[in-house]
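Structure at a glance
Here is what each chain is made of, one letter per residue.
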Amino acid sequence: MNRTKLELLAPAKDFTSAKNAILCGADAVFIGGPAFGARADATNKIDDIKKVCMLAHRFGVKVHVTLNTLLYDEELKRAQEIIYELADAGIDVLIVQDLSIFSFDIPKGIEIHASTQCCIDTVEKLKFYESLGVSQVVLPREFTFDKIKEFHEACPKVRLEAFILGALCVGVSGICHISDYLKGRSANRGSCAQICRLPMQLFHNGKEIAVGHLMSLKDNNLSGHIDELVAAGVTSFKIEGRLKDKNYVGNTTAYVNSKLDSFISKHVDFERASYGKSSISFNADINKTFNRGFTDGLFTDNKKSLPFALTPKFLGPKIGTVVSVKRKGKETEITLSTSAKKSLNKGDGLTYIKEPASVRTDSLNISERVPSVEGFRINSVAEQNSKTAVINVFGSVMLKSGTILYKNYDADFEKSLDAKNSAVRTVSYDLDCSVKHKEESLYTLSLTAKDESGHIASDSLDFEFNSELGVIGRDKLISTLSKRLDEYSVLNSLSITGDTDRLSVRLSSINELRRKVLSMCLDHGGVNSESQFIPFKFEKESFLPKYPNGKVDSRLVLNSVAKRFYEVCGTKVGLEDSSADNLEKNSVMVCKFCLINEYGTCSKLGGKVSGYTLGVSGKTFKIKVDCKNCFMHIVKE
């Protein structure tokens with residue numbers, strides 16, 4: 001029976017994070033190459049990418065490399081060179097944004113996936129990218145069940161990839177320009193300044209009605225919607241976080257891994273895209289690593305559940321309430337009331353909300369008017385029971401009675417993540433050994449290995465029976481052949497047949513043969529060793545599909561090759577109307593989350609939507625809404 005393969009796609013900042021993801025059950029990892037990835041601070045050398053590929057392919061795990069920024073003309077040559085180098089390293093997938101890449105030589109065997117930065121938000125765009133040979137599309141985060149299902153039904157051969165866990169962009173990916181406008185740091189060039197996480201002021205007809213981190217959203221968590229996502233057509237489940245550390249990657253990957261395994265255990269028509277058994281010694285808990293609280297509001301179209309305006313930082317779960325504070329020498333003793341299920345340990349990091357320094361609405365520094373998150377580490381726990389705890393902290397920590405404390409660093413949990421064997425993954429194999437007589441005193445020892453994915457490798461050595469050398473006993477032969485290749489392999493079964501009583505050969509020779517056969521069977525290496533390229537070429541202009549829109553924003557076309565590509569596809573680069581009424585041209589951010597709906601009244605409920613402005617980073621923007629399609633635009637004045 002052909003089963004649908006489901007893929008857990010985990011982030012990797014570097015080799016260490018990639019290894020953690022693979023061992024914790026990822027079916028694929030996405031990682032940045034030497035340049036041109038949408039996270040400029042998460043680049044990797046080609047040699048490190050090769051190391052990731054070698055480990056990943058042991059388990060049938062695919063390696064996706066991000067080459068998903070817009071490119072300038074002078075960068076095109078280097079981008080092509082990087083693709084060649086990545087092919088030699090053995091990657092499986094390129095995630096791309098710039099259309100110029102479709103004119104490049106793409107080595108045979110490498111899939112092209114369309115980044116979420118491509119903003120494929122209509123069926124027509126999906127069909128366009130399918131016609132270019134894209135095999136998988138990263139869906140916009142704001143898609144609901146119905147929208148995903150519509151995509152799947154329109155192009156069932158294109159695999160759909162959805163973000164299941166991690167940070168949410170409040171703006172529609174690929175068409176967010178506010179970072180570039182304010183800081184000269186383009187999100188489409190991998191340098192987003194995260195303006196959406198800054199404190200802001202919302203005004204209506206000149207009067208301030210809200211202040212805080214107004215557009216900072218909670219983190220995405222669709223782990224409770226796997227059944228619906230699969231039913232809609234999603235087969236790749238993506239965890240955001242290429243800038244996160246290895247413990248975040250390991251914890252979140254292990255968590256989603258268990259969710260997918262649980263789903264598959266109840267649905268026989270599905271299986272995982274990779275193989276190998278992952279054994280996790282820690283209890284995965286996504287509440288214990290960085291998050292801003294969780295929401296499924298975009299998928300479920302519950303926009304009221306999206307924002308967390310208090311802080312974009314990690315507060316952590318509530319741990320207790322301050323009862324009293326005493327200064328004791330070089331330490332501060334804090335007594336707090338706790339719940340029975342909460343525990344505190346040396347090294348834990350606690351946080352609390354510090355009230356703003358100023359409430360003046362005329363303050364030029366908005367950050368002075370919003371609460372901040374402060375914190376400290378526990379030096380020792382003097383006393384702890386089901387209701388109270390007494391902790392000591394180095395230095396002076398002056399807290400008011402009634403202050404709520406949160407725990408954003410769990411020392412014991414982090415220790416369990418850092419443990420040597422916190423995650424182990426192995427591929428099982430069967431090994432057959434036979435000894436056969438060839439002629440006179442000549443014999444052949446043959447070994448055949450088959451791993452759980454079906455890979456088979458064989459080799460043999462000839463030897464002459466030599467009574468003076470002696471015969472290797474069966475127990476010693478079993479002991480030698482039972483040795484595994486490395487920590488990532490495990491022997492499932494061993495079969496020995498033939499004239500083993502005539503086996504007069506050195507153990508070192510058998511060991512060498514065993515290692516060779518197991519390496520051939522288990523180490524699959526790179527998938528792109530041949531210098532062959534896909535037949536599609538940019539110069540075959542008559543075969544290019546038509547781009548569904550008649551125009552494209554010039555901010556999304558930075559090189560002449562991409563410009564020509566759009567033009568040949570029947571699209572004009574540049575928005576002609578430069579008037580203040582041209583919403584698309586003057587918009588620096590487009591959002592499904594709406595500040596008017598959050599702090600005012602939606603037009604669908606009879607509210608007025610004019611007169612709203614937003615102050616951020618010293619600039620004021622108009623707020624315009626497309627109520628028919630339920631989008632908010634942040635527009636430069």
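Refer to the structure printed above.
Read on for an overview of the structure. Bear in mind the structure is a predicted one, so any value in this text is a computation, not a measurement.

**Brief notes about the environment of Gly 297**
Among the secondary structure elements, Gly 297 is positioned in helix α9 (residues 297-300). Gly 297 sits in the buried class, given a relative accessible area of 1%. Here the alpha-carbon distance between Gly 297 and Glu 142, two residues 155 residues apart in the chain, equals 8.8 Å.

**A short note on the packing of aromatic side chains**
How two aromatic rings sit relative to each other is given by the distance of their centres and the angle of their planes. In total, this model carries 11 aromatic pairs according to the counting rule given. With a centroid separation of 5.0 Å and an interplanar angle of 90°, the aromatic rings of Phe 143 and Phe 151 are classed as edge-to-face. Residue classification places Phe 143 among the buried positions, given a relative accessible area of 7%. Here Phe 151 falls in the buried class, since its relative accessible area comes to 0%. Where Tyr 443 meets Phe 463, the ring centres are 5.8 Å apart and the plane angle is 20°; that geometry is what we call stacked. Of this pair, Tyr 443 sits in strand β23 (residues 442-451) while Phe 463 sits in strand β24 (residues 456-464); the two residues are 20 residues apart in sequence, bridging distant segments of the chain. On the basis of relative accessibility, which here comes to 5%, the residue Phe 463 falls in the buried class. The rings of Phe 102, Phe 128, Tyr 129, Tyr 547 and Tyr 566 are connected pair by pair, giving a single aromatic cluster. The ring of Phe 465 has Arg 502 lying over it, and the distance from NZ or CZ to the ring centre is 3.8 Å.

**Re the side chain of Thr 252**
Along the chain, Thr 252 falls in helix α8 (residues 246-265). A distance of 3.3 Å separates the side chain of Thr 252 from the backbone oxygen of Val 249, its partner in a polar contact. Discounting chain neighbours no more than four positions away, the residues touching Thr 252 are Leu 165, Ile 239 and Ile 286.

**Topic: empty space enclosed by the protein**
Within this structure, the stated rule accounts for three cavities of 30 Å³ or more. Approximately 80 Å³ is the volume found for the largest cavity. Around the largest cavity, the lining residues are Leu 139, Pro 140, Arg 141, Phe 143, Ile 148, Ala 162, Phe 163, Asn 220, Leu 222, Leu 229 and Phe 299. Partitioning the lining of the largest cavity into residue classes produces nine nonpolar, one polar and one charged. In this structure, the second largest cavity occupies an estimated 50 Å³ of space. If you go around the second largest cavity, the residues you meet are Arg 141, Glu 142, Cys 169, Val 170, Gly 171, Val 172, Leu 217, Leu 298, Lys 592 and Phe 593. Class assignment for the residues of the lining of the second largest cavity results in six nonpolar, one polar and three charged.

**Brief notes about the packing of α8 against helix α10 (residues 411-418)**
At a minimum axis separation of 10 Å, α8 and α10 run at an interaxial angle of 85°. Considering the angle they form, α8 stands roughly perpendicular to α10. Taking contact as the criterion, the partners of Lys 246, Asn 247 and Asn 251 in α8 are, on α10, Phe 413, Glu 414, Leu 417 and Asp 418. Residues that form the contact of α8 with α10 fall into these classes: two nonpolar, two polar and three charged.

Definitions and limits used
- Residues numbered from 1 in each chain as written.
- Predicted model: local features only at pLDDT ≥ 70, side-chain atom pairs only at ≥ 80, totals over all residues.
- Heavy atoms only, no water.
- Helix = DSSP H or I, 4+ residues; strand = E, 2+ residues; numbered from the N terminus.
- Buried < 20%, exposed > 50% of the residue type's maximum accessible area, 1.4 Å probe, protein only.
- Phe/Tyr/Trp six-rings, centres within 6.5 Å; stacked < 30°, edge-to-face > 60°.
- Lys NZ or Arg CZ within 6 Å of the ring centre and 35° of its normal.
- Polar contact = N/O pair within 3.5 Å; in protein donor to acceptor, adjacent residues only side chain to side chain.
- Contact = heavy atoms within 4.5 Å.
- 1 Å grid on protein atoms, 1.4 Å probe; cavity = no way out; pocket = protein on both sides within 12 Å on 5 of 7 lines; lining within 4 Å.
- Points joined across faces, edges and corners; volume = space filled by probe spheres on them.
- Nonpolar A, V, L, I, M, F, W, Y, C, P; charged D, E, K, R; others polar.
- Axes fitted to C-alpha atoms, helices over the stretch in contact; angles between N-to-C directions.
- Parallel < 35°, antiparallel > 145°, perpendicular 65-115°, else oblique.

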